[in-house]
Amino acid sequence: VATKAMVLAKNKGSLLPVSKSAKIQTYGCGDEVHFHAESGSASGTAPHFPTVPCQEDGKTACPYPEDGLKAAGADVKAYRFSEGLSGPHDVNAITVVCLMAKSFNTEGTDRANLDMEAFPFEKFTKVVAWVVAPGPVILDFAPLVDSILISSLPGEMGG
């Protein structure tokens, strides 16, 4: 899944790449990922979603991170971000948490800070933090996770 437009910032214990047979639980990796038009320089336009998403050979992108994991054949159980705040649903699964910037820019303004959303990483094991960032961010949670993937979106999709 992570072959284009991503940076692998940390990979303790070679957690990544994940095998297709691994159980994965995701938190906040669906439509909560902020690729929405209310932020960034394209605040007046709707986001682009391909008619046929997740095509092989990168012909079209997957709209959300969990779509990419599922398209790659992974065994994924998807949860809302808030459903992970009390702890893992499956203590044996690899946890992928999609994090967004805490503040968003709008037309004519900058973000108020470089912070990320808070998540209780200390309650989880085998954790991949998938950072979806509109620019520079502070990764103060880095010591609490095994792997960090960073993806930024260009132009209108990223703000």
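The structure this text deals with has already been given above.
All of the points below concern the structure found in this document. Owing to the predicted nature of the structure, the values given are computational and were not obtained by experimental measurement.

Quick look at the overall build of the protein now. Along the protein, the regular secondary structure elements total 2 helices and 6 strands. In the protein, the succession of α and β elements from N to C terminus is β-β-α-β-β-β-β-α. For the protein, the proportion of its 159 residues judged to be buried stands at 38%. Sequence separation of 24 or more characterises 66% of the internal contacts of the protein that already satisfy a separation of 6 or more.

Applying the stated rule across the entire model yields 7 aromatic pairs. Relative to Phe124, the ring of Tyr27 lies with its centre 5.6 Å away and its plane at 70°, an arrangement referred to as edge-to-face. Residue Tyr27 is found in strand β2 (residues 23-27), and its partner Phe124 is found in the loop between β4 (94-100) and β5 (127-133); the two are separated by 97 residues along the sequence. Note on Phe124: relative accessible area 7%, which makes it buried. Ring centres 5.3 Å apart and planes at 35° place the aromatic pair Phe119 and Phe124 in the tilted group. Accessibility expressed as a relative area gives 9% for Phe119, which makes it buried. Three or more aromatic residues joined by ring pairs make a cluster, and in this case those are Tyr27, Tyr79, Phe81, Phe119, Phe121, Phe124 and Phe141.

With 7 of its 7 residues buried, β4 lies for the most part within the structure. What you see with β4 is no split at all: Ile94, Val96, Cys98 and Met100 on one side and Thr95, Val97 and Leu99 on the other are buried throughout. Two elements, β4 and β5, share 6 bridges in a ladder whose sense is parallel. Along β5, the bridge assignment pairs Thr95 with Val127.

Val33, Val96, Val128 and Trp130 are the most contacted members of the largest nonpolar core, which has 18 residues in total. When residues of this core are assigned to their parent elements, the largest contribution, 4 residues, is made by β4. Excluding residues that lie within four positions of it along the chain, Val128 makes contacts with Leu15, Leu16, Ile94, Thr95, Val96, Val97, Ser147 and Leu149. Membership of the second largest hydrophobic core comes to 15 residues, among which are Phe81, Leu99, Met116 and Ala133.

What follows concerns the environment of Ser151. With respect to the secondary-structure elements, Ser151 resides in strand β6 (residues 147-152). Sequence separation between Ser151 and Pro134 is 17 residues, and the spatial gap between their C-alpha atoms is 8.7 Å. Of note is the side chain of Ser151, whose polar atom sits 3.2 Å from the side chain of Trp130.

Enumeration according to the criterion identifies 1 disulfide in this entry. The disulfide partner of Cys29 is Cys98, and the S-S distance across this bridge is 2.1 Å. Its S-S torsion of about 105° marks the bond between Cys29 and Cys98 as right-handed, since a negative value means left-handed. Of this pair, Cys29 sits in the loop between β2 and α1 (65-71) while Cys98 sits in strand β4, and the two are 69 residues apart along the sequence. Judged on exposure class, the residue Cys29 and its partner Cys98 are both buried.

Criteria and cut-off values
- Residues numbered from 1 in each chain as written.
- Predicted model: local features only at pLDDT ≥ 70, side-chain atom pairs only at ≥ 80, totals over all residues.
- Heavy atoms only, no water.
- Helix = DSSP H or I, 4+ residues; strand = E, 2+ residues; numbered from the N terminus.
- Buried < 20%, exposed > 50% of the residue type's maximum accessible area, 1.4 Å probe, protein only.
- Contact = heavy atoms within 4.5 Å.
- Phe/Tyr/Trp six-rings, centres within 6.5 Å; stacked < 30°, edge-to-face > 60°.
- Pairing = 2+ DSSP bridges.
- Core = buried A, V, L, I, M, F, W, Y, C linked by side-chain atoms within 4.5 Å.
- Polar contact = N/O pair within 3.5 Å; in protein donor to acceptor, adjacent residues only side chain to side chain.
- Disulfide = S-S within 2.5 Å.

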